[in-house]
Structures are given as structure tokens and as C-alpha cells.
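# Structural description and commentary
Okay, here's what each chain looks like letter by letter:
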Amino acid sequence: MLLSIALILLCGSLLGTISKKLRLPALLGMLITGILLGPYVFNLLDEKILLISADLRKIALIIILTRAGLGLDLNGLKKMGRPAFLMCFVPATLEIIAVTILAPLFFGINYLEAALLGSVLAAVSPAVVVPRMVKLTEEGYGTKQGIPQMILAGASVDDVYVIVLFTTFLSLLQGGEVSILSFINIPVSIILGILIGILSGEAMGILFKKYHLRDTAKVLFILSYSFILVSIEEMLATPINFSALIAVMFIGVGLQMTRNIVAKRLSLKYGKLWVGAEVFLFVLVGASVNISYLKGLGLIALVLILLALIFRMFGVSLCLLKTDLNKKERLFTMMAYTPKATVQAAIGGVPLALGLNCGDIILSIAVLAIVFSAPLGAFMIDSSYKKLLQK
């Protein structure tokens, strides 16, 4: 296993750096690394590490969501109000609807499997969006209008909303019953997650003020607490649950409310932690991709992804109606809300691991969505923000 870890870190970092030199997202190189090292090409990774890859991917997701919460500009977010709230749900919902309608026509799967596929595809990527919106905030582009803050908050909540839907659809496919409670659980779990996260963050702020700890120790404390929250959510068998992932993100928000300076320092620490977590996340998801099956999907899968992105961009435009944003700023927001990567990498392989018939299709389309939309979205953000946003 040690050799596998070394190969993942070294080769993933190397190809990630090469991708950056080519002005592509580093995650693309990491994904290619996983495909090459995985069992379907050179088969250089230990089976033990592949068995725990789902847990490692979840750890990476926790790290990026915590970082997003710690770096969220609450004042800028308040300026946007209604559009920021709508961005959390509307674009993803329209994308899921589009995939649910189109996927059965393209691939012959049933509507519930298509809804599961839609919930995998619908999430925007914090791995691509978060660092870029932080950069825009630091450089002062679009901050007066609250654009980076709105995208940052919307992307984070959007991910959790989609994951909750994914869990619901997955349960139904595994034989669970359709009940009103399962759909009531979606808004309730989000609200409970927000409350638990904010209260936990505020409590940590008071604790850190009373007891002096090194920032590294604080990171380990928050990380351990986040793992406990996720474990509790998994163990609960009640009809109404809470979203641990949204609670994890709002820990950072609660900490900002009580100890803003500490939150900023910890955000930098989590940024360093993300460097290693990102490599593991994308290399391991690449390792689970069956290349031969990916080839078989061909142009049809790409058409589905494009149509889904069009529906998502239309959803963003609906959210921005009756705002003060001009056409250029609206166009930028629509483009910035398209990259797929983090959530697709974290949950794309779950249906296949559970032995569902649609597992191969879902994983292959999820990877194709990453390969296509992540570099395209990153390129559009990096090349257009100085032209489309006011400094």
C-alpha cells in the first residue's frame, strides 16, 4: 500500500503540474494519473487502497467544504439576498430534470436511474470554483456586486442539496419506499445541518478563545468533529435526518461569527491540507474508471452533458432576474457555475460499488463530465473575469 500511496502522490502531483503549465486544471492531470495507474490500464495500485477509496474521497470532500465555509464572505453574500438563495437550488434542479427526461431516451435506463445520474451530474465543483472565487475576491473583481461571494456560497450549498437528493434516489433504487417523509427530509436536513454547523462553529470559537491551541491542533479538532458528524448521520436510521456535509461547511460560518481572525488563519491551513486531499480524490476516482466502457458511450454521453449544462445555465439566468447585474456579469456567473469535478469524483463510483446495473453508465458519464467541463469551466473563468467583471 505504501508504494501505491507514493505513486498516487508523486504521479498525481507531476501530471497535475503539467496540466497547470498547459493552463488546464490540475485535477485533469490527476484524473488521467488514476486512469493510468488503475486496474483497467497498468494495474499498479494495491487492491487495499482501492477498497478504502470511497472513504478517502469523502475525507477530501469534507476538507473542501470546510474550507469553503471558513472562507465565505457573509457580508458580500447578504448583499445578493434572493439570487444567492435561488442559486443554491434552481440550477441543479433544472439540470436533474433535464437528465431525468433525456437519459432514458439516450441510454435505455429507467427514470429513477436517470434521476440518480442527474443528481451525480448536477453539482458544481468546489475544487474548481472555490479557489478561483477566492482569487477574484482577493483581486477585487466583482466583489462590489457580490458575484464571487454568491457563486461561492451557491456552489457549496448546491453540492449538499444534490448529495441529499442523490442519497434519496439511491435509497429508492436499493428497494426503499417512496414516502412523503423522504422528500420532506430534503429541506429539513439542510436546515438542521445549517443550525448544527453554526452552533458547533460558535461553540468552537468560544472554546478556542478560552483555551489556547495551535492552529494545527484546531484543524485536527475540527476535522475529527466533522468525521464524527458524518458518522452519526450514517448511523441514524430515523425518517428525518440532518445533512452532515452542510453542517461541516457551516462550522466555518459559525466560527467566523465568533472568531473571524481564527477562521481566516484556519482557512489557509485547510488550503494546504487540500493540496494532498485533492490528489487522492481525483487519482482514486480515475482509477475506478473502465476505459473500454467510457469509449462505448461516445458522442451521446457528451451531448447529454452539454444539454444538461444548457439547462443549468438557464437556471442561473432565472436566478439573476431583477438584479442589478449587467449582461457581462450575468454571462460570467452562468459560465462560472458549470465546472464539474469534486462531487462527481466523490459519489460517481458509489452506484457501481453497490452493484447497481446503472453503475458503469453513471461512473463513466460522471468522469466524462469532469474531463469535459472542469477544464472548460476553469478556462472560461480564468480568461474572462477581467473582461466581464468590474474591479
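Data block above holds the structure.
The text that follows walks through the structure, step by step, so that each part is easy to find. (Residues numbered from 1 in each chain as written. Predicted model: local features only at pLDDT ≥ 70, side-chain atom pairs only at ≥ 80, totals over all residues. Heavy atoms only, no water.)

Let's shift gears to the packing of aromatic side chains. By the definition in use, this model includes 5 aromatic pairs. Where Phe 89 meets Tyr 161, the ring centres are 5.2 Å apart and the plane angle is 90°; that geometry is what we call edge-to-face. Highlighted residues: Phe 89 in the loop between helix 6 (82-87) and helix 7 (90-107) and Tyr 161 in helix 10 (residues 147-173), separated in sequence by 72 residues. On the accessibility criterion, Tyr 161 (12% relative accessible area) is buried. A ring pair is formed by Phe 106 and Phe 107, whose centres lie 6.4 Å apart and whose planes are at 80°; its orientation type is edge-to-face. Relative accessible area serves as the criterion here: at 28%, Phe 106 is assigned to the partly exposed category. (Phe/Tyr/Trp six-rings, centres within 6.5 Å; stacked < 30°, edge-to-face > 60°. Helix = DSSP H or I, 4+ residues; strand = E, 2+ residues; numbered from the N terminus. Buried < 20%, exposed > 50% of the residue type's maximum accessible area, 1.4 Å probe, protein only.)

The next point concerns the nonpolar core. Counting 135 residues, the largest nonpolar core has Phe 107, Leu 117, Met 133, Phe 332 and Ile 365 as the members making the most contacts within it. Sort the elements by how many residues they give to this core and helix 10 lands first, with 17 residues. Sequence-distant contacts of Phe 107, that is, excluding residues within four places in its chain, are made with Leu 297, Ile 300, Ala 301, Leu 304, Ile 361 and Ile 365. (Core = buried A, V, L, I, M, F, W, Y, C linked by side-chain atoms within 4.5 Å. Contact = heavy atoms within 4.5 Å.)

Below, the discussion takes up the state of the cysteines. Taken as a whole and assessed by the stated rule, the structure comprises 0 disulfides. Unpaired in terms of disulfides, Cys 88 finds its nearest cysteine sulfur in Cys 319, a separation of 8.8 Å. When its relative accessible area of 7% is taken as the criterion, Cys 88 is described as buried. Residue classification places Cys 319 among the buried positions, given a relative accessible area of 0%. (Disulfide = S-S within 2.5 Å.)

Turning our attention to the pattern of salt bridges. As enumerated under the stated definition, the model contains 7 salt bridges in all. Where Glu 95 meets Arg 312, a salt bridge forms, and the shortest distance between an N and an O atom there is 2.6 Å. Here Glu 95 is found in helix 7, whereas its partner Arg 312 is found in helix 15 (residues 291-319), with 217 residues between them in sequence. Accessibility expressed as a relative area gives 1% for Glu 95, which makes it buried. Judged by its relative accessible area of 0%, Arg 312 falls in the buried class. (Salt bridge = Lys/Arg side-chain N within 4 Å of Asp/Glu carboxyl O.)

Time to look at the environment of Gln 344. Along the chain, the position of Gln 344 falls in helix 17 (residues 342-347). Classification of Gln 344 by relative accessible area gives buried; the value is 1%. The spacing of Gln 344 and Leu 368 is 24 residues in sequence and 9.9 Å in space, taken between C-alpha atoms. If sequence neighbours within four positions are ignored, Gln 344 has contacts with Val 120, Leu 121, Ala 122, Ala 123, Val 285, Ala 366 and Ile 370. Here the side chain of Gln 344 touches Ala 123 through a polar contact of 2.9 Å, landing on its backbone oxygen. (Polar contact = N/O pair within 3.5 Å; in protein donor to acceptor, adjacent residues only side chain to side chain.)

Here the focus is helix 2 (residues 26-37). Note on helix geometry: an α-helix contains 3.6 residues per turn, so any two residues three or four positions apart are oriented the same way. Taking 1.5 Å per residue as the helical rise, helix 2 with its 12 residues ought to reach 16 Å, and the 17 Å between its terminal C-alpha atoms agrees with that figure. By the criterion of burial, helix 2 is predominantly enclosed, with 10 of the 12 residues buried. Buried residues of helix 2: Ala 26, Leu 27, Leu 28, Gly 29, Met 30, Leu 31, Thr 33, Gly 34, Ile 35 and Leu 37, and no others. (Expected span 1.5 Å × (residues − 1).)

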